[in-house]
Amino acid sequence: EAYPRRFVFHVDANGEEYDEDQYLSVEIDEDSEDPSKRVFDWHFLTPSEAQLQWIRRQLKHLLSVEEEVEKGAEELTSEHEKNTILTFHRAYKEAFELSLIHKDDPVSTKTTYEIFDDEDYDENGEEL
């Protein structure tokens, strides 16, 4: 898995998707002192409640299609394509999950955390 990973969520403060220059941006990186840990960082601004609801909807969708994504990937003959699809899906799940966990972190304050299990969220994107 290549780190750092940067994610841009094109959603305004009202939870509406758009393609303007204002957006939520997060970075997930490996901890330089302990590669078993990751570092989460909001860039520029933190999410509004409407943006958090949008993130929850996106996570819920990713969780709802996870089995189908994995099944479809298994059917591919190209190992590279299979790995790319699964890595992309897992990376966005991680980004949405961490965005919810760190929703109250201030901007540009890197938070180190233990790598967690995907089972920390239910099928609705709610933290267990």
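Preceding block: the structure.
The following refers to the structure shown.

Helix and strand counts for the protein chain come out as two helices and four strands. When the helices and strands of the protein chain are read in sequence order from the N terminus, they spell out β-β-β-α-α-β. By the burial criterion, 38% of the 128 residues in the protein chain qualify as buried. Taking the contacts inside the protein chain whose residues are at least 6 apart along the sequence as the reference set, 59% of them involve residues at least 24 apart. Carbon and sulfur atoms make up 45% of the accessible area of the protein chain, which amounts to about 7,900 Å² in all.

On to the packing of helix 1 (residues 49–74) against helix 2 (residues 79–101), then. At a closest axis distance of 9 Å, the pairing of helix 1 and helix 2 adopts a crossing angle of 155 degrees. Classified by the angle their axes make, helix 1 and helix 2 are roughly antiparallel. Crossing handedness for the pair helix 1 and helix 2: left-handed. Taken together, the residues of the contact of helix 1 with helix 2 sort by class into 14 nonpolar, three polar and seven charged.

Core analysis: the largest hydrophobic core is formed by 20 residues, its most contacted members being Phe7, Phe9, Ile28, Ile55 and Phe96. Contributing elements (two or more residues each) for this core: strand 1 (5–9), strand 2 (24–30), strand 3 (37–43), helix 1 and helix 2. Of the residues forming this core, the biggest block, six residues, is contributed by helix 1. Not counting the four nearest positions on each side in its chain, Phe7 is found in contact with Leu24, Ser25, Val26, Ile28, Ala91, Tyr92 and Ala95.

To continue, consider the environment of Glu27. Within the fold, Glu27 resides in strand 2. With a relative accessible area of 7%, Glu27 lands in the buried category. On a C-alpha basis, the gap between Glu27 and Val39 in space is 7.9 Å, while along the polypeptide they are twelve residues apart. Polar side-chain contacts of Glu27 include one of 2.6 Å to the side chain of Arg6.

For the rest of this paragraph, the subject is the pairing of strand 3. With six of seven residues buried, strand 3 lies mostly within the body of the structure. As judged from the six bridges shared by strand 2 and strand 3, these two strands associate in the antiparallel manner. Counterpart to Asp29 in the pairing with strand 3 is Val39. Adjacent in sequence and paired antiparallel, strand 2 and strand 3 are bridged by six residues.

Reading guide: rules and limits
- Within every chain, residues take consecutive numbers counted from 1 along the sequence as written.
- Side-chain atom pairs in this predicted model are given and counted only at pLDDT of 80 or more, local residue features only at pLDDT of at least 70, and totals for whole chains, interfaces and linings cover all residues.
- The basis for every side-chain value is the complete set of non-hydrogen atoms in the structure, without hydrogens or water.
- Labels follow the DSSP assignment, with helices taken as runs of H or I lasting at least four residues and strands as runs of E lasting at least two, numbered in each case from the N terminus.
- Buried residues are those whose accessible area, probed at 1.4 Å on protein chains only, stays under 20% of the maximum for their type, while exposed residues exceed 50% and partly exposed ones sit between those limits.
- Only heavy atoms enter the contact rule, under which two residues are in contact if any of them lie within 4.5 Å.
- What sets the accessible areas is the Shrake-Rupley method with a 1.4 Å probe; for residues, cover comes only from the shown protein chains.
- Lines fitted to the C-alpha atoms define the axes, with helices restricted to the stretch that makes contact. Angles between their N-to-C directions range from 0 to 180 degrees.
- What sets the label is the angle itself: under 35 degrees gives roughly parallel, over 145 gives roughly antiparallel, 65 to 115 gives roughly perpendicular, and the rest give oblique.
- A clockwise turn of the near helix away from the far one marks a right-handed crossing, whereas an anticlockwise turn of less than a right angle marks a left-handed crossing.
- Asp, Glu, Lys and Arg are counted as charged, while Ala, Val, Leu, Ile, Met, Phe, Trp, Tyr, Cys and Pro are counted as nonpolar; the rest, among them Gly, fall into the polar class.
- We call a set of buried Ala, Val, Leu, Ile, Met, Phe, Trp, Tyr and Cys residues a nonpolar core when their side-chain atoms join them within 4.5 Å.
- In protein, a polar contact requires one atom able to donate a hydrogen and another able to accept it; more generally it is a pair of N or O atoms within 3.5 Å, and residues adjacent in sequence count only if both atoms are side-chain atoms.
- When DSSP finds at least two bridges between two strands, those strands are taken to pair.

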